[in-house]
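Architecture at a glance
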Amino acid sequence: MMFSRLLVILSLFVLTACGAAEPRWASEAEVSRARYVSNEPTSLTLFTVVGKRNGSGAHSGLLVNAPSQRAMFDPAGTFKHPHLPERNDVIFGMSDAAVAFYVDYHARETFNVIEQTIEVSPQVAEFALARIQSYGAVPKAQCARSISSILASIPGFQDAPSTMFPNKLTRYFEAKGATSRVHMDDSPDDNSGLIQAPDLRLRGDLTVALAE
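1. Considerations on the nonpolar core
If you look at the biggest cluster of nonpolar residues, it comprises 31 residues, and the most contacted ones within it are Leu44, Leu62, Ile132, Leu151, Phe157 and Phe173. Elements supplying a minimum of two residues to this core: β1 (43-51), β2 (57-65), β3 (70-73), α4 (122-135), α5 (143-152) and α6 (166-175). No other element matches the five residues that α4 contributes to this core. Non-local contacts of Ile132, meaning those with residues more than four positions away in its chain, are made with Leu62, Val64, Ala71, Phe73, Val90 and Ile150.

Take a look at the structure:
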């Protein structure tokens, strides 16, 4: 009986800690204005924020580079930018400068960012783009779970594990033959007042460069 009560208490704590989803819905005009098409091969890129001290996974994000546009699924993430409209954890306008800023935002003295890319067909990329847009806002602590669910519905990724742990997705992408790189930064852990948002407005086919 004591053990059952403990499980109930722990379950309530986990639900409380996760928190509710935070729906956002940018206007059609904002999304259309921010649409960015990359010349890079169509692909899926997994970003994993990993603690330097113990190697634990802290956050997962999925960048989808489709023929129609490139967008970031950042489930339950804290990343925001005034020039990058968001619809339920999908961030639009992900130019090269925007991706660089996303990495810079997460990499710091306590965290590295692992970037893993798998090239996919244009059709698969468009399917993945549709899936991230239809998934909906994600509750706190459910980043890896939501991405694993989306991956499992995408052709060629149906074997993706159902997991709450970002590192498990990292190992999955590694096993799928992803090309990888690690981003490191020694900026302070509290970056709330230190990272200035660069101008990421799109001007035709050009993106304002990320300020050094």
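Following the structure, the description resumes.
2. Here's the deal with empty space enclosed by the protein
What the rule picks out here adds up to one cavity of 30 Å³ or more. Estimates place the volume of the largest cavity at around 50 Å³. Taken together, 10 residues form the lining of the largest cavity, with Glu22, Arg24, Ala76, Asp89 and Lys140 sitting closest to its centre.

3. Examining the side chain of Thr170
When you line up the elements, Thr170 lands in helix α6. Owing to a relative accessible area of 10%, Thr170 belongs among the buried residues under this scheme. Setting aside its immediate chain neighbours within four residues, Thr170 contacts Leu46, Thr48, Ile114 and Gln116.

4. Some remarks on α5
For α5, the buried fraction is high: seven of the 10 residues fall into the buried class. Taken as a whole, α5 has its buried residues at Cys143, Ala144, Ser146, Ile147, Ser148, Ile150 and Leu151. Among the structural elements, β1, β2, β3, α4 and α6 are those in contact with the buried residues of α5.

5. What about the sheet that holds β1?
What the seven strands build is an open sheet, ordered β4-β5-β3-β2-β1-β6-β7; its pairing is antiparallel. In this open sheet, the two edge strands, each paired with only one partner strand, are β4 (86-87) and β7 (179-183). Across four bridges, the pairing between β2 and β3 is antiparallel. Residue pairing in the sheet places Asn65 in a bridge with Arg70 of β3. Sitting on the sheet, α4 touches β1, β2, β3 and β5 (90-91), and the angle it makes with β2 is about 125 degrees. Packed onto the sheet, α6 meets β1, β2 and β6 (111-119) and runs at close to 135 degrees relative to β1.

6. Considerations on the confidence of the model for the protein chain
Mean pLDDT over the protein chain works out to 86, with 83% of the residues at or above the 70 mark. Of the regions scoring below 50 in pLDDT, residues 1-19 engages in seven contacts with residues more than four places distant in sequence or in other chains. Counted against residues more than four places away or in other chains, residues 204-212, with its pLDDT under 50, gives 17 contacts.

7. What to know about the pattern of salt bridges
For side chains bearing opposite charge, pairing can occur when the charged atoms are close. All told, the structure shown has six salt bridges when counted by the stated rule. For Glu86, the salt bridge identified is with Arg24, shortest N-O distance 3.9 Å. Here Glu86, found in strand β4, pairs with Arg24, found in the loop between α1 (2-18) and α2 (28-34); they are 62 residues apart in sequence, far enough to count as distant. Its salt-bridge partner being Lys80, residue Glu86 comes within 3.9 Å of it at the nearest N-O pair. Counted as one network, the salt bridges with shared partners bring together Arg24, Lys80 and Glu86.

Parameters and conventions
- Residues numbered from 1 in each chain as written.
- Predicted model: local features only at pLDDT ≥ 70, side-chain atom pairs only at ≥ 80, totals over all residues.
- Heavy atoms only, no water.
- Core = buried A, V, L, I, M, F, W, Y, C linked by side-chain atoms within 4.5 Å.
- Buried < 20%, exposed > 50% of the residue type's maximum accessible area, 1.4 Å probe, protein only.
- Helix = DSSP H or I, 4+ residues; strand = E, 2+ residues; numbered from the N terminus.
- Contact = heavy atoms within 4.5 Å.
- 1 Å grid on protein atoms, 1.4 Å probe; cavity = no way out; pocket = protein on both sides within 12 Å on 5 of 7 lines; lining within 4 Å.
- Points joined across faces, edges and corners; volume = space filled by probe spheres on them.
- Pairing = 2+ DSSP bridges.
- Axes fitted to C-alpha atoms, helices over the stretch in contact; angles between N-to-C directions.
- pLDDT = per-residue confidence, 0-100.
- Salt bridge = Lys/Arg side-chain N within 4 Å of Asp/Glu carboxyl O.

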